[in-house]
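So you can see what is in the structure, the chains are spelled out below.
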Amino acid sequence: QLLPDLPPEDRLSAARRYLEAGLAPELAGNADALAGEACAVLAEPAFAEVFSTRALTEVPLVGQLSLDDGSSVDVSGQIDRLCVTEAAVLVVDFKTDRRVPDETEDIGEAYVAQLAVYRALLQEIYPGRAVRAALLYTARPVLREISQDRLEAALAALTAQSGGPVMDGSLA
């Protein structure tokens, strides 16, 4: 969150300082590897849009999701990175999983459902703009954009559930 605002040559030492101050003693031996991983993500040209100055960090999102039975359910979450332009919106959720899916199709349904809900709420906030959703896996690093069709299918599955969507801890 803080590193993109620093000059590239200062990021690694800043990441190390941050980790050394915040890591539990039993994890302190991982500080160099974690700092290097974070800096590799920021250095990846494919992620330039995600870490541009127009991208917002840790954006709270609250709204209502309409269910097929006519009821609605309150949802809330926090978007890791949100990049809004005149034409489009890109929502990115960071994942620190050590096992990175080889293909977008291998991404777990819970992650896709989370992004589908974010996308649905953002479509209401930014009508007329394309809303794209992606996961940024920090371990490799790799950005996996979820197809619009898969997001729509995940949302349809959620809204069809009686009693509303059941989500992981990132959405209430």
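Provided above is the structure to which this section pertains.
Residues numbered from 1 in each chain as written. Predicted model: local features only at pLDDT ≥ 70, side-chain atom pairs only at ≥ 80, totals over all residues. Heavy atoms only, no water.

> Any chance you could explain the side chain of Asp93 here in plain terms?
Note that Asp93 resides in strand S3 (residues 88-95). Classification of Asp93 as buried rests on a relative accessible area of 4%. Reaching out from Asp93, the side chain makes a polar contact with the side chain of Lys95 at a distance of 2.6 Å. When near neighbours in sequence (up to four residues on either side) are disregarded, Asp93 contacts Asp80, Gln114, Leu115, Ala134, Leu135 and Leu136. (Helix = DSSP H or I, 4+ residues; strand = E, 2+ residues; numbered from the N terminus. Buried < 20%, exposed > 50% of the residue type's maximum accessible area, 1.4 Å probe, protein only. Polar contact = N/O pair within 3.5 Å; in protein donor to acceptor, adjacent residues only side chain to side chain. Contact = heavy atoms within 4.5 Å.)

> In this structure, what is going on with unusual backbone geometry? I would like to understand it.
Of all residues except glycine, most have a negative phi; of all peptide bonds, most are trans. Not every positive phi belongs to a glycine, and Glu58 is a case in point at roughly 50°. Along the chain, the position of Glu58 falls in strand S1 (residues 55-66). On the basis of relative accessibility, which here comes to 31%, the residue Glu58 falls in the partly exposed class.

> Could you clarify how one ought to interpret the pairing of S3 in this entry?
Residues in a regular strand project their side chains so that they alternate between the two faces of the sheet. Counting buried residues in S3 gives seven out of eight residues, a clear majority hidden from the surface. Turn length for the strand S2 (residues 72-84)-S3 hairpin, with the two strands adjacent in sequence and antiparallel, is three residues. In this structure, S3 lies alongside strand S4 (residues 130-137), joined through eight bridges in parallel fashion. By the bridge assignment, Val91 is partnered in S4 with Ala133. You can see the chain leave S3, run along helix H3 (residues 109-125) and come back into S4, and the turn it takes is right-handed. (Pairing = 2+ DSSP bridges. Right-handed = clockwise from strand over helix to strand, strands pointing away.)

All we've got here are geometric facts, nothing functional implied.
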